[in-house]
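# A closer look at the structure
Each chain is listed here by its residues.
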Amino acid sequence: MQATRDFSHYVRDAGSGLQHIDLAVEGVSCAGCMSKIERGLSAIPDVTLARVNLTDRRVALEWKQGALDPISFIDRLAELGYKAYPFETAGAEAAEAEQSRFLLRCLGVAAFATMNVMMLSIPVWSGNVSDMIPEQRDFFHWLSALIALPAAAYAGQPFFRSAFQALRTRNVNMDVPISIGVTLALGMSVVETVNHAEHTYFDAAIMLLTFLLVGRYLDQSMRRRTRAVAGNLAALKAETATKFVGADEISQVPVAAIHPGDIVLLRPGERCAVDGTVIEGRSEIDQSLITGETLYATAEHGTAVYAGSLNISGTLRVRVSAASEGTLLAEITRLLDNALQARSRYVRLADRASRLYAPVVHATALLTMLGWVLMGATWHDAIVTAVAVLIITCPCALGLAIPTVQTVASGAMFRAGVLLNSGDSIERLADVDHVIFDKTGTLTLPELEVTNAAAIPEDVLRLAGQLALASHHPVAAAVARASNAKSPLPGAVEEPGQGVRGYVGAIEVRLGRPSFCGAEQSANDGLSLDPEASTVAFSLGDAKYVFAVRQGLRPDAKVMVSALLKRNIRVEILSGDREPAVEAAARALGVGEWRAGVTPADKIARIEDLKSQGFKVMMVGDGLNDAPSLAAAYVSMSPISAAHLSQATADLVFLGKPLAPVVAAIDFSRKALHLMRQNLWLAVGYNLLAVPIAVSGIVTPLIAAAAMSGSSLLVMVNALRARRVASGEA
Amino acid sequence: MEVMVILVPLALGLGLVGLLGFLWSLKSGQYDDLEGAAWRAIADDEPAREKAPD
């Protein structure tokens, strides 16, 4: 049965006889790749558009309807050396992109209005000290109002909406003082213009919006980029399933095109991409991604299998209960719901700052007004001075202080291989003092590896690797990887459940179960050396070799554990695996605290226990069984190879084999939190200088404008320091 | 000061043209790939490559 690949699910009709597909491409990083791909694809006849997006690492393709199969593009890209896979924009990402465009539109409107209002304000400022006649000044003020009022009404929307929502839930966020400040400044300026007064604040109000929108846009584009990369990685995993389209006819389709009730074929060595029930066949399955248990389980008629299970020996037919992200183990779903509800709502640093800030600022403005009235000033002058206080204290620098640091820090973390799922995770990560690791798939690599490759002669290893390439069995795949073999041995035959055999000249070679190769004795010897490993035997004529295969620890796991300990962070292992396996890993890594055979409920109980002792716990895990504890922990992290649900629950996701990104993320977030605090203090310091000037009533719009841009630039420049952490820490 | 009758509408008009230009460029997707656009500016022109003898 040869399966055909079917990507029609991803093809869109682009109108006027054209078809469109988006491909996520791996390894596009430079301008050279960009032109190479675009030329390579444009050279295919009937392709009308091939455009690389270097920011999102994607290619958009259009071609004449019916002329080409999407497979041909993927094959062409593979020839050029790029791995590609069709991509479907997820709902969340489309919403982020739309929000990002809206903010940019607001920013554009505000920036153009600022420039034009400034153009009118500067003649007024200079005219006030020279010879401008009042009629001219009024005319310029009216023009400023004409530009600033509609622009502020449009560009202020993000702040007004958010402030309104906060007030409706009886909260205060940074947008409340911003909205009040801008509205009062504009309102007062209109009144002043009507009364032919000397000073108006149209320029200050609209400039404030511009600076704040820069902060918002930076924040938004950081989140959008993370989502785009996460979306690409999900697409590049290329999760497909072999679906029965007829009684005996199969087709390789993307998981997104599988519906409940479909029947899929699961061959040995394949990872199940759907949840379902076995209806035919018998096999052993590896459920370590789901339960953390590394011993294989038996699957037969009626057994429930979950996305992420690896089929080991036999072929299975599975009836799909729900595609990709659907139902899961009922217990895990229930625990996860509870944990998510109980997740104490973390109050972000910016919101904590604005809770203190808003009352202080508004009280100062009120006292200024009352003070001036008591000292005999007119109500008009008192109100003007009070509004000037609001404008000068308006949190321009405060609004930029945190988003700029977050953007720079997340960029640095991105380069270190860490993606952020939630915006406030940087702040929470910086406080962590206790890290809990899951073992299987987190401290260890998800793939099997040969542990005794060095003890086997190189030519024998290469030959075994060539033979192994003929098999789909995960153990064989480990042997093939260890040998770096490129081409399979011609004429090799796989015997299901036993192994592979072939001939080199006249000598028979076999790779598989020890009994299949007649090597039971040496296999038993191997097992006594490493009881956790599974063995695979290789016979070359009469010579017998035994490979020990197991999930290896991540290459830098030991170094990273000691790096965490050096930072005064406690390390603990909680695993659902058997005690000997966990004990061995804990001993190898030098971790004193470990528990084995832990259920998801136990993990949560342990986290709650630590929380009540005052620890800030970070959970690092990948399995489906870790998802509830990831949600329960103060902050959580998953490797990119984790189960869907865990990855979606975790606050951060790290890429690649090494564990180094975990430590790097902690370092970067500590530095970032430090800079955020520093920026807030800079903003407060600026206010301490500016407020007395404003209260005394000598602030002119010129002073307000200069002070605002000065403090904004200061916090932005300071934020750039988040790019690096001191050497030796990372 | 009669010159203001021309200069003020002219300034406002130019500002508006700039804003409309920005909104148009945003709508036509020119800000979707800022990294790629930076490199495209210095990439070789397509026809020049094809004319070159192989």
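Residues numbered from 1 in each chain as written. Chains lettered and ligands numbered in written order. Predicted model: local features only at pLDDT ≥ 70, side-chain atom pairs only at ≥ 80, totals over all residues.

## Focus: the overall build of chain B
Secondary structure summary: chain B contains three helices and zero strands in total. Written out in order from the N terminus, the α and β elements of chain B read α-α-α. For chain B, the proportion of its 54 residues judged to be buried stands at 2%. (Helix = DSSP H or I, 4+ residues; strand = E, 2+ residues; numbered from the N terminus. Buried ≥ 20, exposed ≤ 12 C-beta atoms within 10 Å, placed from the backbone.)

## A few points about the interface of chain A and chain B
When the parts come together, some accessible area is lost, and that loss is often what is quoted as the size of the interface. Taken together, the 17 residues of chain A in the interface contact 17 residues of chain B. For the side of chain A that touches chain B, the secondary structure elements donating two or more residues are helix H1 (31-42), strand S4 (47-53) and helix H3 (91-129) of chain A. Among the elements that make up the side of chain A that touches chain B, the one with the highest residue count is H3 of chain A (nine residues). The class makeup of the residues in the side of chain A that touches chain B is ten nonpolar, five polar and two charged. (Contact = placed C-beta atoms within 7 Å. Nonpolar A, V, L, I, M, F, W, Y, C, P; charged D, E, K, R; others polar.)

## Section: the confidence of the model for chain A
All names here are of chain A. This prediction gives chain A a mean pLDDT of 82; 92% of its residues lie at or above 70. Averaged pLDDT values over the elements of chain A bottom out at 61 in helix H9 (residues 330-342) and peak at 93 in strand S17 (residues 434-437). This model gives residues 323-328 a pLDDT under 50, and the stretch forms 19 contacts once residues within four places in sequence are excluded. (pLDDT = per-residue confidence, 0-100.)

## Concerning the sheet that holds strand S22 (residues 534-540) of chain A
Residue and element names in this part refer to chain A. Overall, antiparallel pairing links the six strands, which are arranged S18-S23-S22-S21-S20-S19 in an open sheet. Each having just a single partner strand, strand S18 (444-450) and strand S19 (493-495) make up the two edges of the open sheet. Recorded for the sheet is a direction-independent mean angle of 20° between the axes of neighbouring strands. Here four bridges tie S18 to strand S23 (residues 543-553), and the two strands are oriented antiparallel to one another. Within S23, the residue paired with Thr444 across the bridge is Leu553. (Pairing = 2+ DSSP bridges. Axes fitted to C-alpha atoms, helices over the stretch in contact; angles between N-to-C directions.)

## Focus on the environment of Gly32 of chain A
As for its position among the elements, Gly32 of chain A is in helix H1. Expressed as a C-alpha distance, the spacing of Gly32 of chain A and Arg319 of chain A, which sit 287 residues apart in the sequence, is 46 Å.

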